[in-house]
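The lines below spell out each chain.
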Amino acid sequence: MNDDRLPPVAPEVTATLVEDLSPRLRKRLDAAVTKIGARPKRRDGDTVTIEVDDETELCLHAPGGVVATTDAITCGCLLAPACVHRAAAACAAPAADLPPELVDRPTAEAPEPGSAADLAPAPGSVTDTAPAPGSTSTPEVASPAQRAAADALWSAGAVVLEAGVDGAGAVTQSALLRAAHTARLRQLPRAAAAALSVVTLLRAARAGDPSYRTADLVTALAELLGTAHRVGTTSGAELAAVRGRARRPYSPDGSLRLYGLFTEPVVTDSGHGGVRTWVAASDGRLFTVGDVAPGGVGRALGVADRAVRLGDSALTHRELGRAGLAVSGATASPDGRLGAGKGVKAVTARGAAWTEPPLTALWETPPSEQAARALRSTARYADPEGGGSDLLFLDVELLGAVRESGGSCLLARCEGGVLVRLTVADDDPALAHRDNVMLLAAAPGTRLRIIGRLVPAPHPRLTLLACSHPSGEGTIDLGFDRLRRADLPDPNAPVHPAPPRPGGSGAHSPLYLLERRVEQTVPAGRAALGLLGDVTAESRRIRRAGLPTAAGLLTALCASAAQRDRDLFGRLLPADTDGFASHWLAAARYTAAVAESLCSAAWEPAQEGVA
């Protein structure tokens, strides 16, 4: 069977194969990766075969779906096993053990409390055991082995920043994979996951993947460097957060009375597809029931009408979004995912309208408070274990379409006179998002109750997920249900004036001048930033806007990029990669913090007299 996908390869396998190459073969590795990636492949059970040429075949054996040992990659060329082909195949394949935020797996596949798959406390980890009466305790710090592993991750990340995407080839990536493997063995799963994210994004960038965004790699690199740095500087509970968890822990949550809110399609860049149904408990807590697996948008459309994997319920996902459940023996992860273990019992119950208790309470919290809560979970460097929801529940008046640099969006006014831009959650034409938003944009003056996902920006912005039906009866899952013109108010009604031009506290902030330099480093490395020349004018403009820290960070970052010392004979000394990485990290984290502050301020009620 022909299949162009290679099985995931364990990071330590890739690192070992690259490290075993001779210096001469390492120079040829990037070209070999490109060649291997383009060669025909066929799958037979757990084995994928690559036709290197007319006479040579390369095999990857992946029992259980993952290439877990170096012996599992074999080559038939004369130089094997010391050939470049085995290392090239490993580098061309995706890295195994991707963190949960990159691959959204079905809830039913997650480990349940007390199962063999549950993560036991790691040696040296922080526990909840209280000290004995009368004893004293000091906050725990990282072990020497953990600090060494974190230092290796920092160094590998600094090399990536020094080289940029263009220079971070397979050899540089293998160093990151080796550091990630060591960090995982030293019980630092959060840092290891960040390193794997960087490798995945580097490969996407170098392959010209259309889904790649430089901003994503900026975030991943800053998360890697920041987490690695904090391992050696934190203690106690903060250290536990920096270490992270290898798995999302599911904990018992007793009996729950749940009320359906809506169902959304889930389509990831990795080719996964499915649905996520949101429900609320009687106390207002939000939970999700998901079914996501390889399959893309086609699977998302099909799974919506399949039965929910939770207890004995016969409800489909879309039915659950409007009905209710009574659950006993419930388990939930910190981010609100409901477990589907054997001990969970669930039966269908009556749902509630959005205008009825307990759901109506979700719309009674002021928008600014909802945005602040959502921002804590969507922040670029939020604690993965922090939990919380990024959804906002608003009563809005539609104002019509407004144009912006990326196209157009739907403008609405919510409580406090705040103008909110409502955008499409997914542009895939197979889904109903775009058509629905375009229809709603043609009905200014319509009042709706909506659910959207916060988009961090210097102005109020949401991706629109669900809304009340314009007729006032029922709700619309905007990814699945398709509105018709007949559903909208009378098109012959008086035309409303053009919507006001949206502004915002951060709409014209010169912070982008620093953000641009942070992003410019990633594609071409430190040297490209060092060639930009004098940035005094930019620093002066930032300082005049009341951001002196940003101005200082920009000056220091560019000076560090351009600095190259020479020895007594005038020869260039090696660049200070650690110093530059420190300046870059400070700038990246600062811009993220200011951007989030501007986002939060933009949701405050509008001043009197201001549109």
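Because the structure is a prediction, the values reported are computed rather than measured. (Residues numbered from 1 in each chain as written. Predicted model: local features only at pLDDT ≥ 70, side-chain atom pairs only at ≥ 80, totals over all residues. Heavy atoms only, no water.)

Some details on the overall build of the chain
Stage number 1. Summing up its helical and strand segments, the chain has 18 helices and 15 strands in all.
Stage number 2. Counting only residues that meet the buried cut, the chain has 49% of its 611 residues in that class.
Stage number 3. Here the contacts in the chain between residues at least 6 apart in sequence split such that 66% fall between residues at least 24 apart.
Stage number 4. Split by element, the accessible area of the chain, about 28,300 Å² in all, is 53% carbon and sulfur. (Helix = DSSP H or I, 4+ residues; strand = E, 2+ residues; numbered from the N terminus. Buried < 20%, exposed > 50% of the residue type's maximum accessible area, 1.4 Å probe, protein only. Contact = heavy atoms within 4.5 Å. Areas by Shrake-Rupley, 256 points an atom, 1.4 Å probe, with all protein chains shown as cover.)

What about the pattern of salt bridges?
Stage number 1. Scanning all chains against the criterion turns up 31 salt bridges.
Stage number 2. For Glu356, the salt bridge goes to Arg350, with nearest N and O atoms at 3.7 Å.
Stage number 3. The partly exposed category is assigned to Glu356, whose relative accessible area is 32%.
Stage number 4. The shortest N-O distance in the salt bridge between Asp487 and Arg484 comes to 3.8 Å.
Stage number 5. For Arg484, a relative accessible area of 56% translates into the label exposed.
Stage number 6. When salt bridges that share partners are traced, they join Glu264, Arg276, Asp390 and Arg453 into one network. (Salt bridge = Lys/Arg side-chain N within 4 Å of Asp/Glu carboxyl O.)

A closer look at the packing of helix 5 (residues 144-167) against helix 14 (residues 512-524)
Stage number 1. In contact at an axis separation of 4 Å, helix 5 and helix 14 are set at 65 degrees when each is read in the N-to-C sense. Contacts between helix 5 and helix 14 involve Leu161, Ala163, Gly164, Val165 and Asp166 from the first element and Thr521, Val522, Pro523 and Ala524 from the second.
Stage number 2. For the contact of helix 5 with helix 14, the per-class residue count stands at six nonpolar, two polar and one charged. (Axes fitted to C-alpha atoms, helices over the stretch in contact; angles between N-to-C directions. Nonpolar A, V, L, I, M, F, W, Y, C, P; charged D, E, K, R; others polar.)

Remarks on the nonpolar core
Stage number 1. Within the largest apolar cluster, 68 residues are counted, with the highest numbers of intra-cluster contacts made by Val198, Leu217 and Trp584.
Stage number 2. Residue assignment for this core shows that the elements contributing at least two residues are helix 5, helix 6 (170-185), helix 7 (189-206), helix 8 (214-231), helix 9 (236-243), helix 14, helix 17 (548-562) and helix 18 (577-602).
Stage number 3. Sort the elements by how many residues they give to this core and helix 7 lands first, with eleven residues.
Stage number 4. Ignoring anything within four residues of it in the chain, the contact list for Val198 reads Val160, Leu176, Leu217, Ala220, Leu221 and Leu224.
Stage number 5. Leu6, Val48, Val52 and Ala88 belong to the second largest nonpolar core, which has 32 residues in total. (Core = buried A, V, L, I, M, F, W, Y, C linked by side-chain atoms within 4.5 Å.)

Considerations on the pairing of strand 11 (residues 407-413)
Walk down a regular strand and you will see the side chains alternate between the two sheet faces.
Stage number 1. Of the pairings in the sheet, the one linking strand 10 (residues 391-404) to strand 11 comprises seven bridges and is antiparallel in character. Looking at the pairing, Gly400 lines up with Leu411 of strand 11.
Stage number 2. Here strand 10 folds back onto strand 11 in antiparallel fashion, the turn holding two residues.
Stage number 3. Both strand 11 and strand 12 (residues 419-424) contribute to a ladder of four bridges, which runs antiparallel. Note that in strand 12 the partner of Leu410 across the bridge is Leu422.
Stage number 4. Counting the residues in the hairpin turn of strand 11 and strand 12 gives five residues, including Gly416, whose phi is positive at 85 degrees. (Pairing = 2+ DSSP bridges.)

Description of the sheet that holds strand 1 (residues 41-44)
Stage number 1. If you trace the four strands from one edge of the open sheet to the other, you get 1-2-3-4, paired in antiparallel fashion. Across the chains shown, the open sheet's two edge strands, defined by having one partner strand only, are strand 1 and strand 4 (73-75). Strand-to-strand, the axes of this sheet are offset by a mean angle of 20 degrees, without reference to chain direction.

Concerning the side chain of Arg421
Stage number 1. Here Arg421 shows up in strand 12.
Stage number 2. Engagement of the side chain of Arg421 in a polar contact is seen with the side chain of Glu404, the distance being 2.9 Å. (Polar contact = N/O pair within 3.5 Å; in protein donor to acceptor, adjacent residues only side chain to side chain.)

Re the sheet that holds strand 7 (residues 286-294)
Stage number 1. Strand order in this open sheet of five strands is 7-6-5-8-9, and the pairing throughout is antiparallel. Looking at which strands have only one partner, the edges of the open sheet turn out to be strand 7 and strand 9 (345-349). Across the sheet, the mean angle separating the axes of adjacent strands is 35 degrees when strand polarity is ignored.
Stage number 2. Of the strands in this sheet, strand 5 (251-267), strand 6 (272-281) and strand 7 are in contact with helix 10 (residues 296-303), which crosses strand 6 at around 40 degrees.

So, the environment of Arg309
Stage number 1. Within the element layout of this structure, Arg309 appears in the loop between helix 10 and helix 11 (317-320).
Stage number 2. For the pair Arg309 and Leu338, spaced 29 residues apart in sequence, the C-alpha to C-alpha distance is 9.9 Å.
Stage number 3. A distance of 3.5 Å separates the side chain of Arg309 from the side chain of Asp291, its partner in a polar contact.

Looking at helix 13 (residues 433-441)
Stage number 1. Of the positions making up helix 13, those classed as buried are His433, Asn436, Val437, Leu439, Leu440 and Ala441.
Stage number 2. Against strand 5, strand 10, strand 11, strand 12, strand 13 (447-454) and strand 14 (461-468) lie the buried residues of helix 13.

So, unusual backbone geometry
Stage number 1. Cis peptide bonds are those with omega within 30 degrees of zero, and the linkage from Ala80 to Pro81 qualifies with 5 degrees.
Stage number 2. Following the sequence through the fold, Pro81 ends up in the loop between strand 4 and helix 4 (84-92).
Stage number 3. Unusually for a residue other than glycine, Gln187 sits at a positive phi of about 65 degrees.
Stage number 4. Inspection of the secondary structure puts Gln187 in the loop between helix 6 and helix 7.
Stage number 5. Residue classification places Gln187 among the partly exposed positions, given a relative accessible area of 29%.

A few points about the pairing of strand 6
Stage number 1. When you tally the buried positions in strand 6, you get ten out of ten residues, the bulk of the element.
Stage number 2. Because side chains alternate across strand 6, one face comprises the buried residues His272, Gly274, Arg276, Trp278 and Ala280, and the other comprises Gly273, Val275, Thr277, Val279 and Ala281, equally buried.
Stage number 3. Of the strand pairs in this sheet, strand 5 and strand 6 are connected by nine bridges, and their pairing is antiparallel. For Val267, the partnering residue across the bridge sits in strand 6 and is Gly273.
Stage number 4. One ladder, built from nine bridges, connects strand 6 with strand 7; its direction is antiparallel. Each bridged residue has a counterpart across the sheet, and for Gly274 the counterpart in strand 7 is Val292.
Stage number 5. Joining the antiparallel neighbours strand 6 and strand 7 is a turn of four residues, in which Gly284 adopts a positive phi near 95 degrees.

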